Amino acid sequence: MSAPSPAESGPTAATEVTRESAVSAPAHSPAPALSPARTWGLARSWAAAVTSGTYTPLTRGEVERLTHELLTLLVSAMEAGADTGGLLDEVAERMVRANFTGPDSLSRSVEVLGEGLLEVFGDGADRLTTRVLALIGGLATSYTKAMRERTLHQQQQITDALLRAKQEAERHLRASEARFREVFTSSGVGIALTDFNGRIVQANPALTEILGYSEEELGGLNLYELFQEEGSDTLRGAYRELADGERDRFRVRRMLATRDGDAVLAYLAVSALHEMPGHIVTMVEDATEVHMLTQRLRQQSLNDALTGLANRQLFSSRLQSALARMDSRLGVTVLQLDLDGFGVINAGMGPRVGDQLLQVTGKRLEHVFADERNAVVARFGGDEFAVLLENTEDTPYPGKLAVLINTALAEPTYVDGVGVAVSASIGVVRANSQNLRPEEVLRAADITLRRAKACGKGQWEVFDAQHDSEARLRTRLAASIPGAEENGEFEVVYQPVVRLADGQVAFVEALLRWNHPEHGALPHTRCVELAEETGMVLPLGRSALREACVIAASWPAGADGEAPGLWLNLTPLQARDPDLAATVRMALADCGMSAARLRLGIPMASLRQHRDEAEENAEVLGDMGVRTALHEFEGGLANLSVCGPLKADLVRIAPWVVHRLSTEDSEADALRVSVHFLIPSLERSGARVVVGDVASAEQLAWWQRAGAAFAQGPHFGEPVSSQEIAKILSSP
């Protein structure tokens, strides 16, 4: 360790710290979030930072052990949440006791700890990042408090030294003066001795460094001249009270003027020296760096770092204030925006272009709403923005707001000579009740935005209470699927598919039914829609397939000598599942059923969105002997073209087509003509038609005339349990 400079001379009676007092405080258990190697690495970096510019009586190893203990306390404070004050005060106190009090000790500590802790706790998680920033800000505050307490302690020591020098001047004059000079000159806190009129009698080197004056220049100044005008009369009055003996000391935070005209935020600890009549000692601690750091941390915790806009936390706070003071007749408007196609731009042109586009988007949104009263534009993260408007008589209606936004965003942003632009999907909520909480409004805006995005790009939707109620129910049901599966609420039921030529059951379709304790029996279509949203359709589908194969293996042969086939329709997620073939192979092996009896329906939606994966799965299943069908077939040349590559020999007509044909109007007539053309076309491609949801004899007769080969639906029976389907298949 390097020797201290004269200005950093060793500890005296005022600043002495022993190695035992610095490192012997009880250590806390290391936080489990930091590995030992990472903890020691960060501790060594911290030790190097705080010892590079100041003197400490500890060895390098002792400093590293101390910073390791202090880092463990900080991690404990991170985990403690709101109850961090005592831990942070302990860390700061031990830093000061170890003489980590150089001019750069705090800033270097903040730099090392901020980078290290953010790397561990702040990666991609806005809540943890804010906690780390709050932790560092709290440490800076505790450090400042510890330095102030040290200042007061040093002030008392100086006062005691001066008193002893006066009382024992005859016997100990030289020793007392030497002791005072040591504290006066080596202290990192500025010290000024003044007379009762404010004239500076003597100043130490630290004060000259803080204010930028030389000792000679300070000697000719009046301390009051360094106070900024605002509040200076009050401060001068406090000095007069010291001179008049009305008080012994006071502390205050004050802006002081430097030699070059800048301002320094300082903590002043002022005492009257009664044993040195006519003199006052003022100790000056520079708090500018701590103040700026605190402001920077507050800015980072409330504003988006990329765009400078408000973040979600600040937006929620402003929304709460707006709801509390709003005119209930006009209300407030919240718009939540998601940029359409931003992912394509970000992936295709790189994150630098994406970041510039986000910055431009923020500026354009601010420009659009520049004339609105108290408008707040925020970025919630990613490509999601929000706008808060306190409505006036002139605030545009939602449709016009959407047009203004998308018109502003449509102008290309040129990056490296390439013009890029986006549109925005917008969810709008107009709130008129002061009883609403910000989180309720934001949740409504998010749900409305999702509805807008489902309608296509550049669309906007206004919050609707009925849709909100349905969305809440849908969300609750989808979220509760894992627990429902574990509780056995899902059941596999079976519905026959009849061959129209002879009326025999050719296939039996396996369907899911959710026996919900509150909402009753939920049908297959609702079950798979909810499970598809959460991804639970994959484990549910695997379980249903295994169970259905076991049941189907025991079905008796029909009049043609063959047992009915087992039919399961896949969802888009299941159809492109890379483990589909393995799941089917395992299910067939477990039950011993022939692969030729299994029929899997590929949804047309999979072929429109993920055709390659669906076709690959169908080809592998075909090699295993499993036949595939197409379901949700709506007609059209594009749909006809996929039958050949998939080698699908059955096509199931979409339910909406069957329902539409049961009506009597011109549109239904045109659809009937199309169906009469469609079925022969499918037959020529080698596929036969299956009709679902047949509810009456009239419907059945029409489809027979149209050329359908198979049918199912309420006319033939509702889905039943495995025991009931076994009875149906066994009956003559």
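So, how was this worked out
Starting afresh in each chain, residues are numbered from 1 along the sequence in its written order. Only residues with pLDDT of at least 70 get local features here, since the model is predicted, and only at 80 or more are side-chain atom pairs given and counted; chain-wide, interface and lining totals rely on the full set of residues. Just so you know, side-chain values use all the structure's heavy atoms and leave hydrogens and water out. Here is the rule: rings of Phe, Tyr and Trp (six-membered ring for Trp) pair when centre to centre is within 6.5 Å. Planes less than 30 degrees apart are stacked, more than 60 are edge-to-face, and the remainder are tilted. Charge-over-ring contacts are defined here by two conditions on Lys NZ or Arg CZ: a distance within 6 Å of the ring centre and an angle within 35 degrees of the ring normal. Take the buried residues of types Ala, Val, Leu, Ile, Met, Phe, Trp, Tyr and Cys, join any two whose side-chain atoms come within 4.5 Å, and each joined set is a nonpolar core. The buried label goes to any residue with under 20% of its type's maximum accessible area, the exposed label to any with over 50%, and the partly exposed label to all in between, with areas taken from a 1.4 Å probe on protein chains only. Runs of E in the DSSP output that reach at least two residues are strands. Runs of H or I that reach at least four are helices, and both are numbered from the N terminus. By definition, residues are in contact when any of their heavy atoms lie within 4.5 Å. Two kinds of site are reported from a 1 Å grid over the protein atoms alone, namely cavities, where a 1.4 Å probe fits but cannot get out, and pockets, open sets with protein on both sides within 12 Å along at least five of seven lines, and residues are called lining when an atom falls within 4 Å of a point. Grid points are joined across faces, edges and corners, and a volume is the space filled by probe spheres set on the points. Under the grouping applied here, Gly and all other residues not named as nonpolar or charged are polar, the nonpolar ones being Ala, Val, Leu, Ile, Met, Phe, Trp, Tyr, Cys and Pro and the charged ones Asp, Glu, Lys and Arg. Think of it this way: DSSP has to see at least two bridges between two strands before they count as a pair. Here an axis means a line fitted to C-alpha atoms, over the contact stretch when the element is a helix, while the angle between two N-to-C directions is reported on a 0 to 180 degree scale. A side-chain nitrogen of Lys or Arg and a carboxyl oxygen of Asp or Glu constitute a salt bridge if their distance falls within 4 Å. Polar contacts here mean pairs of N or O atoms no more than 3.5 Å apart (in protein, one a potential hydrogen donor and the other a potential acceptor; neighbouring residues in sequence count only if both atoms are side-chain atoms). Any angle between 65 and 115 degrees counts as roughly perpendicular, while under 35 counts as roughly parallel, over 145 as roughly antiparallel, and the rest as oblique. Helix crossings fall into two classes, left-handed where the near helix is turned counterclockwise from the far one by less than a right angle and right-handed where it is turned clockwise. Multiplying 1.5 Å by the helix residue count minus one yields the expected span of that helix.

A. Region of interest: the packing of aromatic side chains. The full count for this structure, using the stated rule, is seven aromatic pairs. An aromatic cluster is present here, built from Phe507, Trp567 and Phe710 joined pairwise through their rings. Note that arginine 312 overlies the ring of phenylalanine 380, its terminal NZ or CZ placed 4.0 Å from the centroid.

B. Region of interest: the nonpolar core. If you look at the biggest cluster of nonpolar residues, it comprises 73 residues, and the most contacted ones within it are Trp514, Leu566, Val584, Leu598 and Trp703. The element contributing the most residues to this core is helix α20 (residues 537-552), with eight residues. Beyond its immediate stretch of four places on either side in the chain, tryptophan 703 contacts Ile653, Val658, Leu661, Val675, Ile679, Val691 and Ala708.

C. Inspection of empty space enclosed by the protein at higher detail. Inspection of the entire model under this criterion finds two cavities of 30 Å³ or more. The computed volume of the largest cavity comes to approximately 260 Å³. As for the largest cavity, its lining consists of 22 residues, of which Gly541, Arg542, Leu568, Leu570 and Gln574 are closest to the centre. Ranked by the residues each element gives to the lining of the largest cavity, the list is headed by α20, at six residues. Tallied by class, the residues present in the lining of the largest cavity amount to 14 nonpolar, six polar and two charged.

D. Just the pairing of strand β2 (residues 200-203), in detail. Both strand β1 (residues 190-195) and β2 contribute to a ladder of three bridges, which runs antiparallel. Bridge pairing links threonine 194 to isoleucine 200 in β2. Between the end of β1 and the start of β2, which pair antiparallel, lie four residues, with glycine 198 showing a positive phi angle near 95 degrees.

E. Region of the structure containing the sheet that holds strand β12 (residues 460-462). With respect to topology, five strands assemble into an open sheet ordered β7-β8-β6-β11-β12, the strand pairing being mixed. The outermost strands of the open sheet, each flanked by one partner alone, are β7 (376-381) and β12. In this sheet, adjacent strand axes meet at a mean angle of 20 degrees when their direction is disregarded. Both strand β6 (residues 332-340) and strand β11 (residues 423-431) contribute to a ladder of nine bridges, which runs antiparallel. Bridge pairing in β11 places leucine 339 opposite alanine 424. The sheet strands contacting helix α14 (residues 351-368) are β6, β7 and β8 (384-390), and the helix crosses β8 at an angle near 10 degrees. Along the sheet, helix α15 (residues 398-410) contacts β6, β8, β11 and β12; its crossing angle with β11, the most-contacted strand, is approximately 150 degrees.

F. A look at the pattern of salt bridges. This structure, assessed with the given rule, holds 23 salt bridges. Among the salt bridges present, the one from arginine 379 reaches aspartate 304, with a minimum N-O distance of 3.0 Å. One end of the pair, arginine 379, is in strand β7; the other, aspartate 304, is in the loop between α11 (288-302) and α12 (312-325), and 75 residues separate them in sequence. Residue arginine 379 shares its accessibility class with aspartate 304, and that shared class is buried. In this structure, glutamate 390 engages arginine 325 in a salt bridge whose closest nitrogen and oxygen atoms are separated by 2.5 Å. With glutamate 390 in strand β8 and arginine 325 in helix α12, this residue pair connects regions lying 65 residues apart in the sequence. Salt bridges here are not isolated pairs; linked through shared partners, they connect Glu69, Glu90 and Arg94.

G. Region of the structure containing the pairing of strand β3 (residues 249-257). Where β3 and strand β4 (residues 263-273) come together, nine bridges link them in antiparallel fashion. Each bridged residue has a counterpart across the sheet, and for arginine 253 the counterpart in β4 is tyrosine 267. Where β3 hands over to β4, the hairpin turn is made up of five residues, of which glycine 261 adopts a positive phi near 95 degrees.

H. Broad picture of the side chain of glutamine 574. Secondary-structure assignment places glutamine 574 in helix α21 (residues 572-575). In this structure glutamine 574 comes out as buried when scored by relative accessible area, which is 11%. A polar contact of 3.0 Å, which involves the side chain of glutamine 574, links it to the backbone nitrogen of threonine 571. Apart from residues lying up to four places away in sequence, glutamine 574 is in contact with Val537, Leu538, Gly541, Asn569, Leu580 and Asn617.

I. Structural detail: the packing of helix α22 (residues 580-591) against helix α24 (residues 611-624). Between α22 and α24, the least distance of the axes is 9 Å, while the angle of their chain directions is 25 degrees. Considering their axes alone, α22 and α24 lie roughly parallel with respect to each other. Taken as a pair, α22 and α24 cross one another with a handedness that is right-handed. Contacts from Leu580, Ala581, Val584 and Arg585 in α22 reach Asn617, Val620, Leu621 and Met624 in α24. For the contact of α22 with α24, a count of residues per class yields six nonpolar, one polar and one charged.

J. Up close: α12. With 14 residues, α12 should cover 20 Å at 1.5 Å per step; its first-to-last C-alpha distance of 20 Å lies within 8% of that length. Turning to α12, its buried residues are Leu314, Phe315, Ser316, Leu319, Ala322 and Leu323. The opening residue of α12 is asparagine 311, an N-cap whose side-chain oxygen sits 3.2 Å from the backbone nitrogen of glutamine 313.

K. Main features of unusual backbone geometry. In the Ramachandran plot, asparagine 99 falls in the positive-phi region, its phi being about 70 degrees despite a non-glycine side chain. Classification of asparagine 99 by relative accessible area gives buried; the value is 11%. For aspartate 693, which is not glycine, the phi torsion reads 60 degrees and is therefore positive. Of the residues examined, aspartate 693 reaches a relative accessible area of 30% and is grouped as partly exposed.

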